[in-house]
Amino acid sequence: MTSVRAHSPRGAGFPTTRWSLVLALKQNSSREAEKALAELCQIYWYPLYVYVRKRGHSSDDAQDLTQAFFAEFLRKRDFEKVDPNKGRLRTYLLTSLQNFIRKTQRKTLAMKRGGHQSIVSWDQQATEDRLQAEPADELTPETAFERKWAATVVERAVSLLREEFSQKKQSAAFDHLASFLWGDKVAPYKVVADQVQMSVGAFKVAVHRLRRRYREILRGEIADTVANPDEVEEELRHLINVISG
């Protein structure tokens, strides 16, 4: 799905983001804001699905609960109650889901789903296979959600970075540089530089630029999920802590 962000170059002030577009629906509706909301739901379904599964629900029930949650979320537009000064999407979605689960009975799920209509598109079996393929853990549902949220943000940042290289027809270069993205060198600079026929100095510069662009994209993805620019750095630190933990 194509991003609907209205970002000007990253770092140039605090641009209009997906979440701020959604919050703007409190005042009026727009096609751009509706697309932003749909995209956010599509991005965050997996962390929420994992949370529900971690609470002990079966795969089928977790799918029903997650779909029902999004159906009610979109229908009621509960984000109208969000305080823009405390508008972290991550926190708001989890709290909303917790409240939804508490008040929802299993027998009403089919009705809430609108006759089994899928609100967010996903392959149920592939989703469950993805979850089962992950290492077993004893994380709490809340911690599992945090981990999947952080992984989702990071994966999107890497995907966007890869897409930028692809558009420049530099996919092969990205494949060589990506292993240095997080500072964990899997091979000496010279070895990889020789493979791509670059000097060591030029390769180090390319790695530096790659990391800088990655940080810009990652920060932009974080900015898309908060309503206040003062929250970006705090949320970014939280993401790093979650990943590191």
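Right, let's walk through the structure included here. All figures in this text were calculated on a predicted structure; none of them were measured in a lab.

**Topic: the side chain of Glu146**
Part 1 of the reasoning: In this fold, Glu146 is placed in helix 7 (residues 141-167).
Part 2 of the reasoning: Judged by relative accessible area, Glu146 falls into the buried class, the value being 17%.
Part 3 of the reasoning: Within the structure, Glu146 has its side chain in polar contact with the side chain of Arg90 (distance 3.0 Å).
Part 4 of the reasoning: When neighbours within four sequence positions are excluded, Glu146 is seen to be in contact with Arg90, His238 and Val242.

**Some remarks on helix 7**
An α-helical segment advances 3.6 residues per turn. Residues three or four places apart therefore align on the same side.
Part 1 of the reasoning: With 27 residues, helix 7 should cover 39 Å at 1.5 Å per step; its first-to-last C-alpha distance of 38 Å lies within 8% of that length.
Part 2 of the reasoning: One or two residues past the end of helix 7 sits Lys169, with phi positive at roughly 60°.

**Examining the packing of helix 10 (residues 200-223) against helix 11 (residues 232-244)**
Part 1 of the reasoning: Closest axis-to-axis distance for the helix 10/helix 11 pair is 9 Å, and the angle between their directions is 110°. Taken as axis vectors, helix 10 and helix 11 run roughly perpendicular relative to one another. Contact residues: Leu218, Arg219, Ile222 and Ala223 in helix 10; Val232, Glu233, Glu235, Leu236 and Leu239 in helix 11.
Part 2 of the reasoning: Considered class by class, the residues forming the contact of helix 10 with helix 11 number six nonpolar, no polar and three charged.

Here is what the cut-offs are and how they apply
- Residues numbered from 1 in each chain as written.
- Predicted model: local features only at pLDDT ≥ 70, side-chain atom pairs only at ≥ 80, totals over all residues.
- Heavy atoms only, no water.
- Helix = DSSP H or I, 4+ residues; strand = E, 2+ residues; numbered from the N terminus.
- Buried < 20%, exposed > 50% of the residue type's maximum accessible area, 1.4 Å probe, protein only.
- Polar contact = N/O pair within 3.5 Å; in protein donor to acceptor, adjacent residues only side chain to side chain.
- Contact = heavy atoms within 4.5 Å.
- Expected span 1.5 Å × (residues − 1).
- Axes fitted to C-alpha atoms, helices over the stretch in contact; angles between N-to-C directions.
- Parallel < 35°, antiparallel > 145°, perpendicular 65-115°, else oblique.
- Nonpolar A, V, L, I, M, F, W, Y, C, P; charged D, E, K, R; others polar.

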